[in-house]
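The residues making up each chain are set out below.
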Amino acid sequence: MKKLEKTNAARLLDAAHISYELIPYEVDENNLAADHVAESLGEPLEQVFKTLVLKGDRTGHFVCVIPGGESVDLKKAAKVSGNKSCDLIPMKDLLPTTGYIRGGCSPIGMKKAFPTYLEESAQLYDYIFISAGVRGLQFKINPEDIISYVAAVYSDLV
């Protein structure tokens, strides 16, 4: 088996002495959905989290990390982030805003530190899966470590 290439996000966690596991999976360019990732990993969909970038009318960009099978509730996201309204950023803005592409967006190592909100259900698990910063690679990580590293806040987002 070939050695896993460390992503920038993995190097950042290493530097912060945060433990994680890098878990590769087979990428299907036609299906970047979290259910495919969960199936590829053989893990429950509710433990495979996706990273969404939103823009609020008052605070600008912020990040919501939610279970793969869920949709972000825009009213709840706006409220927790101090906005009146918010929406997902257009896909064309994802790379210039975060440094990441769709299917490989991680809350760790974005171009800028945005306010980050982690769906409160993550607290139910000893570990969750989030993107390691590229398609085909996930972090298996304790949600508390995400909270501390990106100064995230547990929130009701779905």
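A quick note: this is a predicted structure, and the numbers were derived from the prediction, not measured. (Residues numbered from 1 in each chain as written. Predicted model: local features only at pLDDT ≥ 70, side-chain atom pairs only at ≥ 80, totals over all residues. Heavy atoms only, no water.)

## Side note on the layout of surface pockets
Applicable threshold: For cavity detection a 1 Å grid was placed over the protein atoms alone, and a set of points counts as a cavity when a 1.4 Å probe fits there but cannot get out; an open set counts as a pocket when protein lies on both sides within 12 Å along at least five of seven lines, with lining residues being those that have an atom within 4 Å of a point. Grid points are joined across faces, edges and corners, and a volume is the space filled by probe spheres set on the points. Secondary structure follows DSSP: runs of H or I at least 4 residues long count as helices, runs of E at least 2 residues long count as strands, and numbering of each begins at the N terminus. Following the grouping adopted for this structure description, the nonpolar residues are Ala, Val, Leu, Ile, Met, Phe, Trp, Tyr, Cys and Pro, the charged ones are Asp, Glu, Lys and Arg, and the polar ones are all others, Gly among them.
Approximately 540 Å³ is the volume found for the largest pocket. Together, 25 residues line the largest pocket, and Lys50, Thr51, Leu52, Arg102 and Gly103 are the ones closest to its centre. For the lining of the largest pocket, the secondary structure elements donating two or more residues are helix H2 (34–41), strand S2 (49–56) and helix H4 (91–98). Ranked by the residues each element gives to the lining of the largest pocket, the list is headed by S2, at five residues. A breakdown of the residues in the lining of the largest pocket according to their chemical character gives 15 nonpolar, seven polar and three charged.

## Regarding the nonpolar core
This is how the line gets drawn: Definition used in this section: a nonpolar core is a set of buried Ala, Val, Leu, Ile, Met, Phe, Trp, Tyr and Cys residues joined via side-chain atoms within 4.5 Å. Buried means the residue's accessible area, taken with a 1.4 Å probe over protein chains only, is under 20% of the maximum for its type, while exposed means over 50%, and partly exposed covers the values in between.
Counting 29 residues, the largest nonpolar core has Ile130, Phe139 and Ile141 as the members making the most contacts within it. Grouped together as the second largest cluster of nonpolar side chains are 11 residues, Leu54, Phe62, Ala77 and Leu157 included.

## Considerations on the sheet that holds strand S1 (residues 21–24)
Defined as follows: Paired strands, in this sense, are two strands between which DSSP finds at least two bridges. Angles shown run from 0 to 180 degrees and are taken between the N-to-C directions of axes, each axis being a line fitted to C-alpha atoms and, for helices, limited to the stretch in contact.
The strand order across the open sheet built from three strands is S1-S7-S6, with neighbouring strands paired in antiparallel fashion. The sheet terminates laterally at S1 and strand S6 (128–131), the two strands that pair on one side only. Averaged over all adjacent pairs, the angle separating strand axes in this sheet is 35°, with direction ignored. One ladder, built from four bridges, connects S6 with strand S7 (residues 137–141); its direction is antiparallel. Paired with Ser131 across the bridge in S7 is Gln138.

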